[in-house]
Amino acid sequence: MSEAAIDADAAHEDDDHGHHDEPFLGHHFKDHDHQFNTGKLGIWLFLGQELLFFGGLFCAYAIYRGMHPEIFVEGHHFLDVNLGAINTCVLLFSSLTAAWSVRMAQLGNKKGLMLMIALTIACAFGFLGIKYIEYSHKFHEGILWGQLFAPSPEAMEHAMHGVEANSRLHIFFSIYFVMTGLHGIHVIGGIIAYAWLLKRAAAGHFGPNYYGPVDFIALYWHLVDLVWIFLFPLLYLIH
Amino acid sequence: MAYRENEAEAHDEEHHEHHIMSPKVLIGTWLGLMVLTGLTVGAIKVDFGAQANLIVAMAIAGAKAMLVCLIFMHLWFDQKYNVMIFFGSVIFVVLFISITFIDTKRNEPFRDAYDATNKPTPEGRVLVEPTVSPISTSGSDAAAQPGELKVPEHQKPKVPWPSQLPDTPRVAPTAH
């Protein structure tokens, strides 16, 4: 494009496409609905990709559980169901606050929006804190993944009650650490995204016309919740 | 504004652009999710049999997932193409897992033959060629032993079993 053409474009933009009174409406969008729906399509494509991404791990889980169901029964005795259930509740509550943050943004309630975002971040930290307790306990007892799996005799006795563990038990913990670890990384990603959102909400960027980012990050957060909804029964609740 | 008109056609009953969830719906959904969580923790204590317990747990997780998708992620009120993208992904995940399962089932005789020969030792597993072959080639050496694994005709491999290949001793890395 020649310089003259760019100038002409800029001049044209001044006429009617600049949205000068709308600082957060991209000039290439017709209106806020257009921008919102475009962003929404983008985030759904990303979430579809996330699902396929986690799908690979769920596939590994399904195959190994199909081949060696006994190691999953043995492995889940090493996990604390109560901590897993508390974490499920924490995450479900954060999903409620995330959904509520969208409502607050739609209503233009800045204080409510900031409160809901802050609550969501607090829940995310709570989730990671509980996960940290679980992980550090396991690291301490030598319950690690793959070839590093060398549980202390006490941990073995506590979970197995004297029964000899399957020689493939380490596979369960490889799957456990990769799946919960990757999920934990997504929680950290959510905290970063929500921190950014909190900053913008405090600056008063969001309102009934422009609340796309609040909605999109909430959708991502719900997906993180969704993954945990399946991870919890698959890892902690085995009969 | 053809764009707006199309949208209105797709959602004639709904002003979806600014669909605001009521507190009642949000809290109701959350309570439903909490009840289902309690239910799934309780259900695992009841013995339905290993398979049935898994199915019950997955059914409850599926119900929770639907609540989150349809209401929290407001897919119920959303444009149809967003629903298509998401459930399209779900379909591909299911396909991925089922096709891999078919392959795994097909390989099961090999795994069992391997396990029957390679008992784990404290030093790890020493890999040797299975003395039990899943291929019951009647009249040949190893496979003719009594108490063999029975492989259905359609599951018999078309490729030679490793014992029919040139002998290469292998030692497994120490397990654990």
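As the structure is a prediction and not an experimental result, all values here were calculated from the model. (Residues numbered from 1 in each chain as written. Chains lettered and ligands numbered in written order. Predicted model: local features only at pLDDT ≥ 70, side-chain atom pairs only at ≥ 80, totals over all residues. Heavy atoms only, no water.)

## So, the interface of chain A and chain B
On the chain B side, the residues contacting the 57 residues of chain A number 61 residues. On the chain A side of the interface with chain B, the three residues burying the most area are Asp33(A), Trp44(A) and His239(A), jointly 14% of the side's total. Between chain A and chain B we count 1 salt bridge in total. Linking chain A with chain B are 10 residue pairs in polar contact (both at pLDDT 80 or more), by the criterion used here. Listed by contribution, the elements that provide at least two residues to the side of chain A that touches chain B are helix H2 (32-67), helix H4 (81-107) and helix H8 (212-235) of chain A. Among the elements that make up the side of chain A that touches chain B, the one with the highest residue count is H2(A) (21 residues). For the side of chain A that touches chain B, a count of residues per class yields 32 nonpolar, 16 polar and 9 charged. (Contact = heavy atoms within 4.5 Å. Buried area = accessible area lost by both parts, 1.4 Å probe. Salt bridge = Lys/Arg side-chain N within 4 Å of Asp/Glu carboxyl O. Polar contact = N/O pair within 3.5 Å; in protein donor to acceptor, adjacent residues only side chain to side chain. Helix = DSSP H or I, 4+ residues; strand = E, 2+ residues; numbered from the N terminus. Nonpolar A, V, L, I, M, F, W, Y, C, P; charged D, E, K, R; others polar.)

## Considering the pattern of salt bridges
All told, the structure shown has 3 salt bridges over all chains when counted by the stated rule. One connected set of salt bridges, linked through shared partners, spans Lys40(A), Asp215(A) and Asp78(B).

## Looking at the packing of H2(A) against helix H7 (residues 169-202) of chain A
Packed helix pairs are characterised by how far apart their axes lie and by the angle those axes make with each other. Residues and elements named next belong to chain A. Remark: H2 packs on H7, axes separated minimally by 10 Å, with the N-to-C direction vectors making an angle of 165°. As summarised for this structure, H2 and H7 are arranged roughly antiparallel, according to the angle between their axes. Both H2 and H7 take part in a crossing whose hand is left-handed. Where H2 approaches H7, its residues Glu50, Phe53, Phe54, Leu57, Phe58, Ala60, Tyr61 and Tyr64 are matched on the opposing element by Ile171, Ile175, Val178, Met179, Leu182, His183 and His186. Of the residues that constitute the contact of H2 with H7, the class distribution is 12 nonpolar, 2 polar and 1 charged. (Axes fitted to C-alpha atoms, helices over the stretch in contact; angles between N-to-C directions. Parallel < 35°, antiparallel > 145°, perpendicular 65-115°, else oblique. Left-handed = near helix turned anticlockwise from the far one by under 90°.)

## Regarding the environment of Glu134(A)
Residue and element names in this part refer to chain A. Its location among the elements puts Glu134 in helix H5 (residues 110-140). Here the alpha-carbon distance between Glu134 and Leu83, two residues 51 residues apart in the chain, equals 7.7 Å. Excluding residues within four positions of it along the chain, Glu134 makes contact with Asp80, Leu83, Asn87, Tyr176 and Tyr236.

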